[in-house]
Amino acid sequence: MLQMAITGILCGALLGFVMQRGRFCLTGGFRDMYIAKDNRMFYALLVAIAVQAVGVFLLIEAGAFEYTAGQFPLWATIAGAFIFGIGIIFAGGCATGTWYRAGEGLIGSWIALAFYMLMAAIMKSGPLAQFTVDARTPVVGTDSIADTFGINVWFLVIPFVALVAFIVYRELRKPRVKIPGLKPKKTGLAHILFEKRWNPYVTATLIGLIATVAWPLSAASGRIFGLGITTPSANILQFLVTGDLDIINWGVFLVMGILFGSYFAAKMSGEFRLRTPDTKTVVRSSAGGILMGFGASLAGGCSIGNGLVMTSMMTWSGWVALLFMILGTWTASYFVFVRPSKKRAVARA
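Residues numbered from 1 in each chain as written. Predicted model: local features only at pLDDT ≥ 70, side-chain atom pairs only at ≥ 80, totals over all residues. Heavy atoms only, no water.

Student: Help me understand the overall build of the protein, please; the structure alone is not making it clear to me.
Tutor: Within the protein, the secondary structure is distributed over 16 helices and 0 strands. Taken against the 2.2 N^0.38 rule, which gives 20 Å for 349 residues, the C-alpha radius of gyration of the protein at 20 Å falls within 12% of a compact globule. Structurally, the protein occupies a C-alpha span of about 55 × 45 × 45 Å along its principal axes. The buried share of the protein, reckoned over its 349 residues, is 50%. By element, 68% of the accessible surface of the protein is carried by carbon and sulfur atoms, the whole surface being about 16,600 Å². (Helix = DSSP H or I, 4+ residues; strand = E, 2+ residues; numbered from the N terminus. Rg over C-alpha atoms; globule rule 2.2 N^0.38 Å. Buried < 20%, exposed > 50% of the residue type's maximum accessible area, 1.4 Å probe, protein only. Areas by Shrake-Rupley, 256 points an atom, 1.4 Å probe, with all protein chains shown as cover.)

Student: I'm lost on the packing of aromatic side chains in this one. Help?
Tutor: The geometry of an aromatic ring pair comes down to the distance between the two centres and the angle between the two planes. Taken as a whole, this structure holds 15 aromatic pairs when the rule is applied. Taking 6.2 Å as the distance between ring centres and 35° as the angle between the ring planes, the aromatic pair formed by Phe17 and Phe264 counts as tilted. Of this pair, Phe17 sits in helix 1 (residues 2–22) while Phe264 sits in helix 13 (residues 250–268), and the two are 247 residues apart along the sequence. Residue Phe17 is classed as buried on the basis of its relative accessible area of 12%. Taking 6.3 Å as the distance between ring centres and 65° as the angle between the ring planes, the aromatic pair formed by Phe57 and Trp154 counts as edge-to-face. Of the two residues, Phe57 sits in helix 3 (residues 40–61) while Trp154 sits in helix 9 (residues 154–173), which places them 97 residues apart along the sequence. Through pairs of rings, three or more aromatic residues link up here, namely Phe17, Phe194, Trp198 and Phe264. Above the plane of the ring of Phe337 lies Arg31, whose end atom (NZ or CZ) is 5.8 Å from the centre. (Phe/Tyr/Trp six-rings, centres within 6.5 Å; stacked < 30°, edge-to-face > 60°. Lys NZ or Arg CZ within 6 Å of the ring centre and 35° of its normal.)

Student: In this structure, what is going on with the packing of helix 3 against helix 11 (residues 200–219)? I would like to understand it.
Tutor: Helix-helix packing is described using two parameters, namely the angle between the two axes and the distance between the axes. Where helix 3 meets helix 11, the closest approach of the two axes is 8 Å, and the angle between their N-to-C directions is 30°. Judged by the inter-axis angle, helix 3 sits roughly parallel to helix 11. Here the hand of the crossing between helix 3 and helix 11 comes out right-handed. Residue-level contacts link Arg40, Tyr43, Ala44, Val47, Ala48, Val51, Gln52, Gly55, Val56 and Leu59 of helix 3 to Pro200, Tyr201, Ala204, Thr205, Ile207, Gly208, Leu209, Ala211, Thr212, Trp215 and Pro216 of helix 11. (Axes fitted to C-alpha atoms, helices over the stretch in contact; angles between N-to-C directions. Parallel < 35°, antiparallel > 145°, perpendicular 65-115°, else oblique. Left-handed = near helix turned anticlockwise from the far one by under 90°. Contact = heavy atoms within 4.5 Å.)

Student: How should I be thinking about helix 14 (residues 279–299) in this particular structure?
Tutor: In an α-helix there are 3.6 residues to a turn, and that puts residues three or four apart on one side. Given a rise of 1.5 Å per residue, 21 residues ought to cover 30 Å, and the 30 Å separating the end C-alpha atoms of helix 14 matches this to within 8%. Looking only at helix 14, the buried set comprises Ser285, Ser286, Gly288, Gly289, Met292, Gly293, Gly295, Ala296, Ser297, Leu298 and Ala299. Positive phi shows up at Gly300, right after helix 14, with a value of about 85°. (Expected span 1.5 Å × (residues − 1).)

Student: Help me understand unusual backbone geometry, please; the structure alone is not making it clear to me.
Tutor: Apart from glycine, the bulk of residues carry a negative phi angle, and the bulk of peptide bonds sit in the trans form. Here Lys37, not a glycine, exhibits a phi torsion of approximately 55°, which is positive. Here Lys37 shows up in the loop between helix 2 (26–35) and helix 3. Backbone geometry at Met314 places phi at a positive 55°, although glycine is not the residue there. With relative accessibility at 5%, the residue Met314 sits in the buried group.

Student: How should the packing of helix 6 (residues 107–125) against helix 14 be read in this particular structure?
Tutor: Where helix 6 contacts helix 14, the axes come no closer than 7 Å and their chain directions differ by 35°. With respect to the hand of their crossing, helix 6 and helix 14 are arranged in right-handed fashion. Here Gly108, Ile111, Ala112, Phe115, Tyr116, Met119, Ala120, Met123 and Lys124 of helix 6 come into contact with helix 14, specifically with Val282, Ser285, Ser286, Gly289, Ile290, Met292, Gly293, Phe294, Ser297 and Leu298. Counted by class, the contact of helix 6 with helix 14 contains 12 nonpolar, 6 polar and 1 charged residues. (Nonpolar A, V, L, I, M, F, W, Y, C, P; charged D, E, K, R; others polar.)

Student: Is there a simple way to think about the nonpolar core in this case?
Tutor: Soluble globular proteins tend to bury their nonpolar side chains together. Judged by nonpolar contacts, the single largest core of 82 residues is most densely connected at Phe30, Phe84, Trp99, Leu227, Ile229 and Leu308. With 13 residues, helix 3 is the single largest residue contributor to this core. Look past the residues within four positions of Leu308 in its chain and what remains in contact with it is Leu45, Ala48, Ile49, Gln52, Ile207, Ala211, Leu227 and Ser303. (Core = buried A, V, L, I, M, F, W, Y, C linked by side-chain atoms within 4.5 Å.)

Student: Could you clarify how one ought to interpret the pattern of salt bridges in this entry?
Tutor: Opposite charge on two side chains permits them to pair, given that their charged atoms come into close proximity. Applying the stated criterion to the full structure yields 6 salt bridges. Between Arg21 and Glu271 there is a salt bridge; the shortest N-O distance is 3.4 Å. Residue Arg21 is located in helix 1, and its partner Glu271 is located in the loop between helix 13 and helix 14; the two are separated by 250 residues in the primary sequence. The buried category is assigned to Arg21, whose relative accessible area is 5%. The partner of Asp38 in a salt bridge is Arg40, with the nearest N and O atoms 3.2 Å apart. (Salt bridge = Lys/Arg side-chain N within 4 Å of Asp/Glu carboxyl O.)

Student: Mind showing me how you'd approach the side chain of Thr7 here?
Tutor: Note on placement: Thr7 falls in helix 1. When sequence neighbours within four positions are dropped, the list of residues in contact with Thr7 reads Leu217 and Trp250.

Printed below as a string of C-alpha cells:
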C-alpha cells in the first residue's frame, strides 16, 4: 500500500504540475478548433499520444506487462463520448482539467468535480450500475485496430508517429507573432518552471512520458492500465461513504496527486486564488459534472482514459471516443458561445 501510494501520488503530482504550468486543457483545445480555428492543442494531444504509444508498446515487447484490448462497445462509446464532450463545456474543463483547476482554487471546478465523482459512482456501483453494464454489453468485435486488420501494431504506430512529426514540423515553421510580456521577476530554472509560457508541444511530450511511466507503476500494484480519472474519482467517493479499503487502488492516489501537483504549481507561479463562481456558473458546473460522470462511465473513459490512453493503445474505442468527444464539445460550444454571440451581434445591428 505504501509503495502504491508513493508512486501514484508522485506520478499524479508530476502530471498535475505539468498540466497546470503548460495550460494543457483539452476542453479549450477542442473548443478552439471550432470557434477560433486553432488546432495547436489538438496537435499537442497527438504528440502526447504518439510518445505514449511508442513507450508503452516498447514496454510490452520488453515483457514489463501484458495488455489485452478486449471488445469494442461501439454504441456506448459513441453516446457516452458525445455526452461527455457536452459536459466538459458546461463544467469548464475535462476530467483532468477539472482536477488541476480545482488545485488552482476555482470553486466552480470543485463543484463540477463533486458532481462528476457522484455521477460516476452512481453509474459504476450505484443505482445505475446495471444500466452501465447493459449499455456496454453489445459489442462489435475486438477493440484492437491491429487485430481487426490482422497486422502488427507497429504498422499503425510508426506511420502515426511520422504523421505527427510532420504536423509538428510544419507548425513550428509557421511565423509566430511575439506578444510582449511583463519583465521577468524570476531567473534561471525558477523562471522556466513558474513564469515562462510553456511550449504546448514540450508540455505534450512530458505528458506522454508521464503517461508511459504510469503503466509499469500501475501494473506493479496489480492494476494493468495507465492514466485514468473517472473510475478512481468514483472510488474516492465510494471510500468516503463505505470506508472499504479494497476500493483504494493506484489510480486513486494518481488523481489525488494531480490535485497536489497543480496546487504546488499554481502557488509557486502566483496563480493560486480562491475564486467564487456566480449562481449561473454553479448551475452550469453542476450540470457539466453530471454529464461528464454519466458520459465517461458509459464510454468507458474520459478525455484521458479514452482520448489519451486508449488512443495510444491503437484501439477503436479510443479513437471513436475522441472523435465524438470533439463533436460533443463543438455542439455545446455552438449553443453556449456561438449562438449567443450571433444573437448579440444581431441585437446590436
